[in-house]
Amino acid sequence: PVQILNDSSDSIASVGFVGDSILTGSFDGHLRVYDIRQGFLHTDLIHPSKSAITCLSVTPDLNHVLLSSTSNSISLWNFK
C-alpha cells in the first residue's frame, strides 16, 4: 500500500472520495475526512450513542454527504 489510514477504533463500513479527500464511516459512529494533500484528518462524532455508520454517499455536486446508521436514521451533512 501507498498509505495506511488506521485512525478508526472499529471497522470501516463505508468509504467515499471527494476531490483530494477520502471519507470513511465506521462502526464507532465517526465520520472521518482525510485530506491527502495536506495530511490533515477531520473527525466528527455523528452518533454519540455509539450507533454505527453503515453507509455514506457523496452528492453529485460534492457539497453534501448522506449517512445512514444503525440508529434507524439518515443524516445529511455539509461537506464544504
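Residues numbered from 1 in each chain as written. Predicted model: local features only at pLDDT ≥ 70, side-chain atom pairs only at ≥ 80, totals over all residues. Heavy atoms only, no water.

A. Layout of the sheet that holds strand S7 (residues 74-78). In spatial order, the strands read S5-S6-S7; together these 3 strands make up an open sheet with antiparallel pairing. Two strands close off the open sheet at either side, each with one partner strand: strand S5 (53-58) and S7. Strand-to-strand twist of the sheet, defined as the mean angle between neighbouring strand axes without regard to direction, takes the value 20 degrees. The pairing of strand S6 (residues 64-69) with S7 spans 5 bridges and is antiparallel. The partner of His64 across the bridge, within S7, is Asn78. (Pairing = 2+ DSSP bridges. Helix = DSSP H or I, 4+ residues; strand = E, 2+ residues; numbered from the N terminus. Axes fitted to C-alpha atoms, helices over the stretch in contact; angles between N-to-C directions.)

B. Structural detail: the side chain of Ser75. Relative to the helices and strands, Ser75 resides in strand S7. According to the relative accessible area criterion, Ser75 is buried, its value standing at 17%. Discounting residues that sit within four places of it in the chain, Ser75 has contacts with His47, Val65, Leu66 and Leu67. (Buried < 20%, exposed > 50% of the residue type's maximum accessible area, 1.4 Å probe, protein only. Contact = heavy atoms within 4.5 Å.)

C. Geometry of a nonpolar patch on the surface. Among the surface-exposed residues, Ile12, Val15 and Phe17 lie close enough to one another that they form a single nonpolar patch of about 300 Å² accessible area. Its location among the elements puts Ile12 in strand S1 (residues 12-18). (Patch = residues over 30% accessible without salt bridge, like charges linked within 9 Å, V, L, I, M, F, W, Y side chains within 5 Å. Areas by Shrake-Rupley, 256 points an atom, 1.4 Å probe, with all protein chains shown as cover. Salt bridge = Lys/Arg side-chain N within 4 Å of Asp/Glu carboxyl O.)

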